[in-house]
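# Working through the structure, step by step
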Amino acid sequence: MELVSYDPKYRQKFIELNTAWIKNNFGFLEDEDIKTFQKIEKEIAKGAMIFFALENSIVLAACMTRPISKDTWEICKLATDEQYRRQGAGSKLFKKCMEYAIENNAKRLFIISNSKLKPALHIYQKYGFIEIKLDDYEYSRGDIAFEYIVES
């Protein structure tokens, strides 16, 4: 398995993987999802990165990390192709996103998720994320959030 950074040739695959993941788990895309998909290149230009897990040139999974303030980064849009789940691609991409954000001066990493996504929750906890409470979870499907404070 090879991890590669964003290339426009994978843009549509990122959208397809995430659309399928979201619709399969929650039934519909939210406005925030659509906005993210429409401004991928703008996010990349502002420092964000999307990583892809490839095997034999096939995209297995994708994950995005993006700055949301000076030293806080979000990890989002982690999705794995249904036929390639449980091969470790999601975990490896998540770790790669963490490393990228930290290399780019993140002091805090942040995630909004849903409590029914047990495999994703396991990944967050595996890498040291701690559950936090929010007043606004941004998405109607968001009911749980996590953060990771980077040690100095």
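Residues numbered from 1 in each chain as written. Predicted model: local features only at pLDDT ≥ 70, side-chain atom pairs only at ≥ 80, totals over all residues. Heavy atoms only, no water.

A word on the packing of helix α1 (residues 11–26) against helix α2 (residues 31–38). Packing of α1 against α2 leaves a shortest axis separation of 11 Å and a crossing angle of 170 degrees. Compared by their axis directions, α1 and α2 come out roughly antiparallel. Residues R11, F14, I15, N18, T19 and I22 of α1 form the contact with α2, whose own contacting residues are D33, F37 and Q38. Along the lines of polarity and charge, the residues of the contact of α1 with α2 split into four nonpolar, three polar and two charged. (Axes fitted to C-alpha atoms, helices over the stretch in contact; angles between N-to-C directions. Helix = DSSP H or I, 4+ residues; strand = E, 2+ residues; numbered from the N terminus. Parallel < 35°, antiparallel > 145°, perpendicular 65-115°, else oblique. Contact = heavy atoms within 4.5 Å. Nonpolar A, V, L, I, M, F, W, Y, C, P; charged D, E, K, R; others polar.)

Attention now goes to the packing of aromatic side chains. Enumeration according to the criterion identifies ten aromatic pairs in this entry. With 5.9 Å between their ring centres and 70 degrees between their planes, W73 and Y100 make a pair best called edge-to-face. With W73 in strand β4 (residues 72–80) and Y100 in helix α4 (residues 89–103), this residue pair connects regions lying 27 residues apart in the sequence. For the pair shown, W73 and Y100 are each scored as buried. Centroid distance F94 to F129: 5.4 Å. Interplanar angle 65 degrees. Geometry classified as edge-to-face. Of the two residues, F94 sits in helix α4 while F129 sits in the loop between α5 (118–126) and β6 (130–132), which places them 35 residues apart along the sequence. Each member of the pair, F94 together with F129, is buried. An aromatic cluster is present here, built from F94, Y124, Y127, F129, F146 and Y148 joined pairwise through their rings. The cationic tip of K116 hangs over the ring face of F26; the distance from NZ or CZ to the ring centre is 4.9 Å. (Phe/Tyr/Trp six-rings, centres within 6.5 Å; stacked < 30°, edge-to-face > 60°. Buried < 20%, exposed > 50% of the residue type's maximum accessible area, 1.4 Å probe, protein only. Lys NZ or Arg CZ within 6 Å of the ring centre and 35° of its normal.)

We now examine the pairing of strand β2 (residues 49–55). Counting buried positions along β2 yields six of seven residues, so the element is predominantly enclosed. Strand direction decides the pairing type here: strand β1 (residues 2–5) and β2, joined by four bridges, are antiparallel. Directly across from E2, in β2, lies its bridge partner L54. Two elements, β2 and strand β3 (residues 58–67), share seven bridges in a ladder whose sense is antiparallel. Each residue of the ladder has a partner; that of I50, found in β3, is M64. Where β2 hands over to β3, the hairpin turn is made up of two residues, of which N56 adopts a positive phi near 50 degrees. (Pairing = 2+ DSSP bridges.)

What follows deals with the environment of L117. Residue position: L117 is located in the loop between β5 (108–113) and α5. Spatially, the C-alpha atoms of L117 and F26 are 11 Å apart, while their sequence positions differ by 91 residues. In contact with L117, not counting residues within four places along its chain, are W21, N25 and F26.

To continue, consider the packing of α4 against α5. Axis separation between α4 and α5 bottoms out at 10 Å; the angle between their running directions is 40 degrees. With respect to each other, α4 and α5 are oriented oblique. Considering only the axes of α4 and α5, their crossing is right-handed. Along the contact surface, α4 presents G90, S91 and F94, while α5 presents I123, Y124 and K126. (Left-handed = near helix turned anticlockwise from the far one by under 90°.)

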